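Descriptive structure summary
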Amino acid sequence: MVCSVVVAHRAIFSGASTLHTEHNKLYNHGNDLLKVATRRFSLSVAKTQQSPVTKTQSTSTAVIEIDNPASVKRQLAQLFDLSLRATVPDEPDVVPLVDACAAKGGVKFGDYQCNNAMGIWSKIKGKQTEFRGPPAIGQAIVNNLPPSEMIDSCSVAGPGFVNVVLSKRWLAQSLQRMLIDGIDAWAPRLPVKRAMIDFSSPNIAKEMHVGHLRSTIIGDTVARMLEFSRVECVIRRNHVGDWGTQFGMLIAYLFEKFPNPNDVSVADIGDLQAFYKASKVRFDSDPEFKLRAQQAVVRLQSGEAMYHKAWKQICDVSRAEFDKVYQRLGVQLEEKGESFYNPYIPGVLEKLDNLGLVEESDGAQVIFVEGVNIPLIVVKRDGGYNYFTTDLASLWYRLNEEKLEWIVYVTDIGQQQHFDMLFKAYRRAGWLPKDENAYPKCTHIGFGLVLGDDGKRFRSRSSEVVRLVDLLDEAKRRCKTAILERDTAKDWSEEEIEKTTEAIGYGAVKYADLKINRLTNYTFNFDQMLNDKGNTAVYLQYAHARICSIIRKSGKDVEEIKRSGKVVLDHEDERALGLHLLQFPEVFEEACTNLLPNLLCEYLYNLAEIFSKKFYSNCQVVGSPEETSRLLLCEATATVMRKCFYLLGIVPVYKL
């Protein structure tokens, strides 16, 4: 259910040769201590790159205010905010800069780090102050920290970096609470009730191809992220290209093949892609046919029943093909195509004209927006409408009829200027707030191209665009071949084999896309995405299946030991696993704030690595004195992995 702009102009591959950088815009406001402390500290990444803390990708497209009390980072920021107020009471604008520590030279000096000392010193240096440099400020920050059960120890390093070691007991108790309350207790809350993700948006009468893959997969994940963030209503809008001059060509060809249109059935149309190509050949080569096609457009738009019926038949054939792809991907969409908004266009243009936005230019009606030399054409010289016109009407409908607070458009990066102009036109009209971060708001998130091994757009050997349904079926076929070669599959039922190969094959295609920063191009390669080693969905599925196998082999009732057992993190690899699990809320927040699913993929892969190469290798589970605690750690890992899988639209496999 996605809202998409006109499909032709949203064609997933726009031909843009360069990718535009989407800049991080981080902002903070509000007086509530928790919100202040936990929103403001996100600035730390940009300001503390000289310190050994985890760096994040500065590719934010939207400033999102989010309430996330489960975040360890936010809880620490709250404590450090109190300390900073006591340390430098005359510097009220100082905000806590807290981030997770990364290993430097193979050594970690803490779990988290507060990096305010140098910034404070630059502010107060030269003033009358008791401090003699950043280290002294760092020590004062430590001394002024309020008592907290979450902190085991603090130390000051270098130019005032405050390293924090979290309490093992607190980590264990936090994990235990998640197991009892469920992982949804870690869900953050966005300050909106109604949101829409506009994605996929194929053209009627054309096959969905690999070019639509990224919009569909990324859009679905963004919708799932918003749903997890407790947005009450998330609409997944498919704004299909179901209107325009191409339908005159298709209808004219349909009537030419079937002189009695009342006898035409959906089955008669057959392969719509071949039907489209044949009609295009006639349109380009036969002037008489071209005239009939143009007349057919007029008669369709005037509402003649015979032409409307033919249009509907063509749309129905396309939808049936689209549904095959959506069913394989497990994606649900609610359609409102271009045709839906046609009745709203005159009224929206009249309102814009009354506001003085519409001007005449070279016989066309246009709207000028700030910062762009070319105008936004809303009525062509021949009086016809175009993509911008439809988008103006659809956005008006979404804001005024559907009462949406946040609309996210997911298309290729080449459409960035189109949406920038659309949103600016609405701000000029006063229909969107001048502040881009105020609600209601619109956000465009772009993505790069899907390439073949030759570095060019992914196509078949015959240079045809690859049909998406064929691509997905090939992924499943390859998985099935690999699984049938395994001894463990000999006892599986045909249904188990089908479900497993679908989960792994389709999931591998999704993950290969989502693990890449959406702003970049990526190379489509079956061998890489279906590899069971490295950062692939197949590897992650094996890791998850291994965890499930450990729990099954124990013979223990996990629900019972959740109630009666206790998590203990005495071994260093138990603690490393527990800490990473507890960092899920803050990683999810960063992924949601920046609308970057690849951050979730990176977290999930690192979780599988920590479990497999540290915990599983060094901590015996079944039959050990620590069996109960370690089974709980296995269950916590599986729970977080399954939530990540769900957010990425991947069906988990429980045995392999």
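Calculation notes
Residues numbered from 1 in each chain as written. Predicted model: local features only at pLDDT ≥ 70, side-chain atom pairs only at ≥ 80, totals over all residues. Heavy atoms only, no water. Helix = DSSP H or I, 4+ residues; strand = E, 2+ residues; numbered from the N terminus. Contact = heavy atoms within 4.5 Å. Areas by Shrake-Rupley, 256 points an atom, 1.4 Å probe, with all protein chains shown as cover. Axes fitted to C-alpha atoms, helices over the stretch in contact; angles between N-to-C directions. Parallel < 35°, antiparallel > 145°, perpendicular 65-115°, else oblique. Left-handed = near helix turned anticlockwise from the far one by under 90°. Nonpolar A, V, L, I, M, F, W, Y, C, P; charged D, E, K, R; others polar. Salt bridge = Lys/Arg side-chain N within 4 Å of Asp/Glu carboxyl O. Buried < 20%, exposed > 50% of the residue type's maximum accessible area, 1.4 Å probe, protein only. Phe/Tyr/Trp six-rings, centres within 6.5 Å; stacked < 30°, edge-to-face > 60°. Lys NZ or Arg CZ within 6 Å of the ring centre and 35° of its normal. pLDDT = per-residue confidence, 0-100. Expected span 1.5 Å × (residues − 1). Pairing = 2+ DSSP bridges.

Notes on the overall build of the chain
On a plain count of helices and strands, the chain comes out with 24 helices and 14 strands. Taking the contacts inside the chain whose residues are at least 6 apart along the sequence as the reference set, 78% of them involve residues at least 24 apart. When the accessible area of the chain is evaluated, it comes to approximately 28,100 Å², of which 49% is carbon and sulfur surface.

Description of the packing of helix H19 (residues 537-554) against helix H23 (residues 597-618)
Taken N-terminus to C-terminus, the directions of H19 and H23 make an angle of 50°; their axes are 10 Å apart at the nearest point. Relative to H23, H19 is oriented oblique. Crossing handedness for the pair H19 and H23: left-handed. Along the contact surface, H19 presents Tyr539, Leu540, Ala543, Arg546, Ile547 and Ile550, while H23 presents Leu604, Tyr605, Ala608, Glu609, Phe611, Ser612 and Tyr616. Classifying every residue of the contact of H19 with H23 gives 10 nonpolar, 1 polar and 2 charged.

Structural notes on the pattern of salt bridges
All chains considered together, the criterion is met by 48 salt bridges. A salt bridge links Glu498 to Lys476, with the shortest nitrogen-to-oxygen separation between them at 2.6 Å. Remark: Lys476 occurs in helix H16 (residues 468-484) and Glu498 occurs in helix H17 (residues 494-514); sequence separation between them is 22 residues. Assessed through its relative accessible area of 15%, Lys476 is described here as buried. Taken together, the shared-partner salt bridges in this structure form one network comprising Glu256, Arg282, Asp286, Glu288 and Arg292.

Side note on the packing of aromatic side chains
Think of a pair of aromatic rings as described by two things: how far the centres are apart, and how the planes are tilted against each other in angle. Under the definition given, this model contains 23 aromatic pairs. Taken together, the aromatic side chains of Trp186, Phe228, Phe584, Phe588 and Tyr603 make up a single cluster linked through ring pairs. Its guanidinium or amino end placed over the ring of Trp406, Lys441 lies 5.2 Å from that ring's centre, counting from NZ or CZ. Directly above the aromatic system of Tyr616 lies the positively charged group of Arg546, at a separation of 5.3 Å from the ring centroid.

What to know about unusual backbone geometry
Following Tyr439, the chain continues to Pro440 via a peptide bond in cis, the omega torsion being 0°. Within the secondary structure, Pro440 sits in the loop between helix H15 (416-429) and strand E12 (441-447). Positive phi, close to 55°, is recorded for Lys403, a residue that is not glycine. As for its placement among the helices and strands, Lys403 is situated in the loop between helix H14 (387-400) and strand E11 (406-412). Even without a glycine there, the phi angle at Leu595 is positive, about 50°. With respect to the helices, strands and loops of the structure, Leu595 is situated in the loop between helix H22 (584-594) and H23.

Some points on the confidence of the model for the chain
Scored by pLDDT, the chain comes out at a mean of 87, with 88% of its residues at no less than 70. Segment residues 1-61 is flagged for pLDDT under 50; beyond a separation of four residues in sequence, or across chains, it makes 219 contacts in the model.

A short note on the packing of helix H21 (residues 572-582) against H23
Look at H21 against H23: their axes get within 9 Å of each other, and the N-to-C directions meet at 160°. Taken together, the axes of H21 and H23 lie roughly antiparallel to each other. In terms of crossing hand, the pair formed by H21 and H23 is left-handed. Where H21 abuts H23, its residues Asp573, Glu574, Ala576, Leu577, His580 and Leu581 lie against Tyr603, Asn606, Leu607, Ile610, Phe611, Lys614, Phe615 and Asn618. Per-class residue counts for the contact of H21 with H23 are 8 nonpolar, 3 polar and 3 charged.

Here's the deal with helix H7 (residues 213-228)
The terminal C-alpha atoms of H7 lie 23 Å apart, and with 16 residues this matches the ideal 22 Å at 1.5 Å per residue to within 8%. Most of H7 is tucked away: 15 of the 16 residues are buried. At the exit of H7 stands Arg230, carrying a positive phi of roughly 65°.

Points about the sheet that holds strand E3 (residues 151-157)
Strand order in the open sheet formed by 4 strands is E1-E2-E4-E3, with antiparallel pairing between adjacent strands. Unpaired on one side and paired on the other, strand E1 (98-100) and E3 mark the two borders of the sheet. Neighbouring strand axes in the sheet, compared pairwise and without regard to direction, differ in orientation by 25° on average. In terms of strand pairing, strand E2 (residues 112-114) meets strand E4 (residues 161-166) through 3 bridges, oriented antiparallel. Bridged to Gln113 within E4 is Asn163. Packed on one face of the sheet, helix H3 (residues 72-87) meets E1, E2, E3 and E4 and runs near 145° to E1.

Thoughts on the sheet that holds strand E9 (residues 364-367)
The strands that make up a sheet are held in pairs by hydrogen bonds between backbone atoms, and each pair lies either parallel or antiparallel. Here we have 3 strands laid out as an open sheet, ordered E8-E9-E10, and antiparallel in their pairing. A strand with exactly one partner marks an edge of an open sheet, and here the two such strands are strand E8 (358-361) and strand E10 (376-379). For this sheet the average axis-to-axis angle between neighbouring strands, irrespective of direction, equals 45°. Sheet topology places E8 next to E9; 4 bridges connect them, and they run antiparallel. Bridged to Glu360 within E9 is Gln365. Taken strand by strand, helix H13 (residues 345-354) contacts E8, E9 and E10, and its axis lies near 90° from that of E8.

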